[in-house]
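Fold and contact review
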Amino acid sequence: MSYLKRLWRGARNLLLLPVWVIQLLTGAKSFADNPIIGSAALNRRGLHVHRLLLAHRLAAMRRRMLAGRVGAEDRAAFERDGVLIKPDFLPADLFRELLAEVKAHRGVGRETQQGDTVTRRIALDPKTLARLPAVEKAIGLPAFQGITRYVNSFDIEPMFYVQTILTHVRKGSPDPQLKLHSDAFQPSVKAWLFLTDVEERCAPFMYVPGSHKPTKARLAWEKAMSIAVSGEGERLSRRGSFRIDPAELPALGLPPPKSVAVKANTLVVADMFGFHARGVSDQPSMRVEIWAYGRHSPFVPWIFSPLWRSKATARNRVGAFWWWSDRLEKLGLKRNVWRLRQDVSAFDEKTEL
């Protein structure tokens, strides 16, 4: 039986080898799922670091092409810190309209649980946006689109949601998002337009200023991590989202993480290669935000993808992703962790999970 298993494993690996090789030219990041990416021998020779450096050089080139979308002051602040914080981002009257629309809206959403925290998302697809004209106006503003596209280094609209973070709502292990981490080896963007005040003690966004830069010290740390997780290691680090202990930051020439406790109507945009986390909440809390996310193939020199140039196509990506995840679950292949909610508000304090 063991001989048959080895034979099957060898045949499977032979069939998958071309896929694993092709993934080297994409944003694939999992050391656990791809034995080439997860090869300790290749990472000792610099495979992970070379992919990282190429991704960052191409992102810098694409950002130069998009520099006209962002003011000089914002570009300088982003290049220094890796994060932009813009209070009073929307005109007051537009923000009031947007907030009223989101509070009144009930519709289809999704929820997932990580530790004792539940994340709820309502996709801002064309159907939902037709009911939320102020929201559509806000996310379409050149300032919003320009900053998110510049940080992402692609002239492609990010995916937009209304997102709710509910802390201490279920018993469970600690929220894994509380640990400082980098999302992937490549630059990417996440943005939060906060619809509620975010207090210091209520799970604020945390970011290590300057940690988006592939410095010599950071590259040495990345190489060491790529070798360590090629064997065994923390699950999410092995998936390509490296965790770091705050005590390690001084050796990388980095300051402590900064807590982004802000008032409503503040826009925060960050490069997710930088170290970040969700801050600790010492009590049940809820924050609501317009949330944007973008990450694309890092090894292309151009700033747009013909597939996503259409606004309608771009705004249907989330629905397509959830539909596919549901199909995989129905086939018994993989559980969709994003559970369906048929009639939900972003401001509902209760969850069905």
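Just so it is clear, the structure is predicted and the values come from calculations on it, not from any experiment.

Here the focus is the sheet that holds strand 7 (residues 258-260). Pairing within the open sheet is antiparallel, and its three strands lie in the order 7-6-9. Either end of the sheet is taken by a strand with one partner, and the two such strands are strand 7 and strand 9 (276-278). Adjacent strand axes in the sheet meet at a mean angle of 25 degrees when their direction is disregarded. Where strand 6 (residues 205-207) lies against strand 7, three bridges are found, and the strand directions are antiparallel.

With that settled, consider the sheet that holds strand 5 (residues 189-194). Ordered by their spatial adjacency, eight strands build an open sheet running 1-8-5-10-4-3-2-11, and the pairing between neighbours is antiparallel. Of all strands in the sheet, those bounded by a partner on one side alone are strand 1 (83-86) and strand 11 (339-344). Pairwise comparison of adjacent strand axes, ignoring direction, gives a mean angle of 25 degrees for this sheet. Here strand 4 (residues 159-167) runs beside strand 10 (residues 285-294); their pairing, made up of nine bridges, is antiparallel. Within the sheet, the bridge partner assigned to Tyr161 lies in strand 10 and is Trp291. Running at roughly 15 degrees to strand 8 (residues 267-271), helix 8 (residues 142-152) makes contact with strand 1, strand 4, strand 5, strand 8 and strand 10 of the sheet.

Mapped onto the fold, Glu200 is located in the loop between strand 5 and strand 6. By relative accessible area, which is 53% here, Glu200 ends up exposed. Sequence separation between Glu200 and Val280 is 80 residues, and the spatial gap between their C-alpha atoms is 8.7 Å. Ignoring anything within four residues of it in the chain, the contact list for Glu200 reads Ser259, Ala261 and Val280.

Turning next to the packing of aromatic side chains. All chains considered together, the criterion is met by 14 aromatic pairs. A ring pair is formed by Phe31 and Phe242, whose centres lie 5.5 Å apart and whose planes are at 40 degrees; its orientation type is tilted. Of this pair, Phe31 sits in the loop between helix 1 (2-23) and helix 2 (40-44) while Phe242 sits in the loop between helix 10 (235-238) and strand 7, placing them 211 residues apart in sequence. Residue Phe31 is classed as buried on the basis of its relative accessible area of 4%. Accessibility expressed as a relative area gives 3% for Phe242, which makes it buried. Here Trp221 and Phe275 contribute two aromatic rings whose centre-to-centre distance is 5.3 Å and whose plane-to-plane angle is 85 degrees, an arrangement assigned as edge-to-face. Within this pair, whereas Trp221 is found in helix 9 (residues 216-228), its partner Phe275 is found in the loop between strand 8 and strand 9, the two being separated by 54 residues in sequence.

Let us look at helix 12 (residues 317-330). Helix length check: helix 12, at 14 residues, gives a terminal C-alpha distance of 20 Å against a target of 20 Å (1.5 Å per residue), a fit within 8%. Among the residues of helix 12, those classed as buried are Arg317, Val318, Trp322, Ser325 and Leu328. Along the long axis of helix 12, the arc covered by the buried residues comes to 130 degrees, so they all point the same way. Immediately beyond the C-terminal end of helix 12, within one or two residues, lies Gly332, with a positive phi of roughly 75 degrees.

Parameters and conventions
- Residues numbered from 1 in each chain as written.
- Predicted model: local features only at pLDDT ≥ 70, side-chain atom pairs only at ≥ 80, totals over all residues.
- Heavy atoms only, no water.
- Pairing = 2+ DSSP bridges.
- Helix = DSSP H or I, 4+ residues; strand = E, 2+ residues; numbered from the N terminus.
- Axes fitted to C-alpha atoms, helices over the stretch in contact; angles between N-to-C directions.
- Contact = heavy atoms within 4.5 Å.
- Buried < 20%, exposed > 50% of the residue type's maximum accessible area, 1.4 Å probe, protein only.
- Phe/Tyr/Trp six-rings, centres within 6.5 Å; stacked < 30°, edge-to-face > 60°.
- Expected span 1.5 Å × (residues − 1).
- Arc of directions from axis to C-beta.

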